[in-house]
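The residues making up each chain are set out below.
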Amino acid sequence: MLMNIDYDKIQQSINEYGNYILNCIKSQYNSSLTQEQLQNIEDLLNMQFIVIEKSSNEDIEFFSKQAGVTNPEDYSVDYIPSAHGGRAKGDNKIHIYPYTKAFESCKTDDEIIKSCIGNIVVHEIFHYFIRPNLSDENRTKKDEFGHFITEGLVQYYSEEFAKKYRLGEPKSNYGKNVEFAKQLIASFPENMTQTEIDRIIFTYNQDQLLELSKNGKQLYDSYIENSIFQDNISLFIIEMGKEIGMDINDERLKSIIRHYKKMDNRDEILSELYKGIEVTFNNNELLKNNYIMKLNNITSNGSNEDEIHKHK
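## Regarding the nonpolar core
- With 66 residues, the main nonpolar core has Ile25, Ile96, Ile125, Phe126 and Tyr157 as its most contacted residues.
- In terms of nonpolar packing, the next biggest core, distinct from the first, is built from 19 residues, Phe236, Met246, Leu270 and Leu273 among them.

Below, the structure written as structure tokens:
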């Protein structure tokens, strides 16, 4: 970003907006929030709970290590997120990083503020109240599901809240998560009031949510099956990329993996990959047949979760 950022101006403006959102949440969900959560709102209102961060070597190191980078020469600002909630640094504050890629199209302080207001603040504030994930780790499929459903519920409530208060439509990459959250809530007992549903979303963990849902096990099993399928597709792409000389850290390879992770339709994923095999190995019948067989195995035999995590 080729601009001088007025961090103080942004911090003051965003905290004023954050206070407005907290007061709206307190008013709307008063009957559904616990006393501890209501007290947390009061605590947040009495301090600047949103921090607008300047670039620092400490953050570059911190987030690079979180991404699994061990060599200091490979530390990069690219690993710093646009924002995160109070859990990441353990200080109960929202941190926003306006110098990162997410803000590269912003040319003025006001554009940064608009982006924060439109897409970040409400979402991150709802993270204070919706915390169904059992672990902050990401080592097992259950951990991954916890993060998946947390982001889905947070984004769903953020979108509904934004509609109610006419705050625009917050952008996110959580479309799949939101759809899952909607399906989960729709399978709660039919006689529940909205206040009761809100209370559950604000207090239950992921296991309790699934147990309450009449389709909980089916929804969870479907998520796991699809997640393992996506992992296998990623491993397949990595293997195929190596075959043609691409490094595992090649941005082109990572871009291809991201492309397929965004796709929902398995038939479309497989159709594209089969065509890719035909084109890539057009002059090598042995390799072409070998990769067609590998892809066939993914679709017919399921996968081994232990093997997937061994490659992570």
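## Observations concerning the packing of aromatic side chains
- In this structure the tally under the stated criterion is 23 aromatic pairs.
- Ring plane angle 90 degrees and centroid distance 6.3 Å describe the contact between Tyr97 and Tyr99, whose orientation is recorded as edge-to-face.
- Judged by centre distance (5.0 Å) and plane angle (90 degrees), the rings of Phe145 and Tyr220 are edge-to-face. Placement of Phe145 in helix α7 (residues 141–164) and of Tyr220 in helix α11 (residues 216–243) is noted, with a sequence separation of 75 residues between them.
- One aromatic cluster is present, built from ring pairs that chain together Tyr29, Phe49, Phe126, Tyr128, Phe129, Tyr156, Tyr157, Phe161, Tyr165 and Phe202.
- Over the ring of Phe229 we find Arg266; its NZ or CZ atom is 4.2 Å from the centre of that ring.

## Concerning the sheet that holds strand β2 (residues 83–84)
- Strand order in the open sheet formed by 3 strands is β1-β3-β2, and the pairing between neighbours is mixed. One side of each edge strand has no neighbouring strand; the edge strands of this open sheet are β1 (50–52) and β2.
- Of the pairings in the sheet, the one linking β2 to strand β3 (residues 94–96) comprises 2 bridges and is antiparallel in character. Directly across from Ala83, in β3, lies its bridge partner Ile96.

## Some remarks on unusual backbone geometry
- One non-glycine residue, Asn92, lies in positive phi territory at about 60 degrees.
- Examined against the element boundaries, Asn92 turns out to sit in the loop between α4 (86–89) and β3.
- Unlike most non-glycine residues, Arg166 shows phi in positive territory, near 55 degrees.
- Residue placement: Arg166 occurs in the loop between α7 and α8 (175–186).

What counts and what doesn't
Residues numbered from 1 in each chain as written. Predicted model: local features only at pLDDT ≥ 70, side-chain atom pairs only at ≥ 80, totals over all residues. Heavy atoms only, no water. Core = buried A, V, L, I, M, F, W, Y, C linked by side-chain atoms within 4.5 Å. Buried < 20%, exposed > 50% of the residue type's maximum accessible area, 1.4 Å probe, protein only. Phe/Tyr/Trp six-rings, centres within 6.5 Å; stacked < 30°, edge-to-face > 60°. Helix = DSSP H or I, 4+ residues; strand = E, 2+ residues; numbered from the N terminus. Lys NZ or Arg CZ within 6 Å of the ring centre and 35° of its normal. Pairing = 2+ DSSP bridges.

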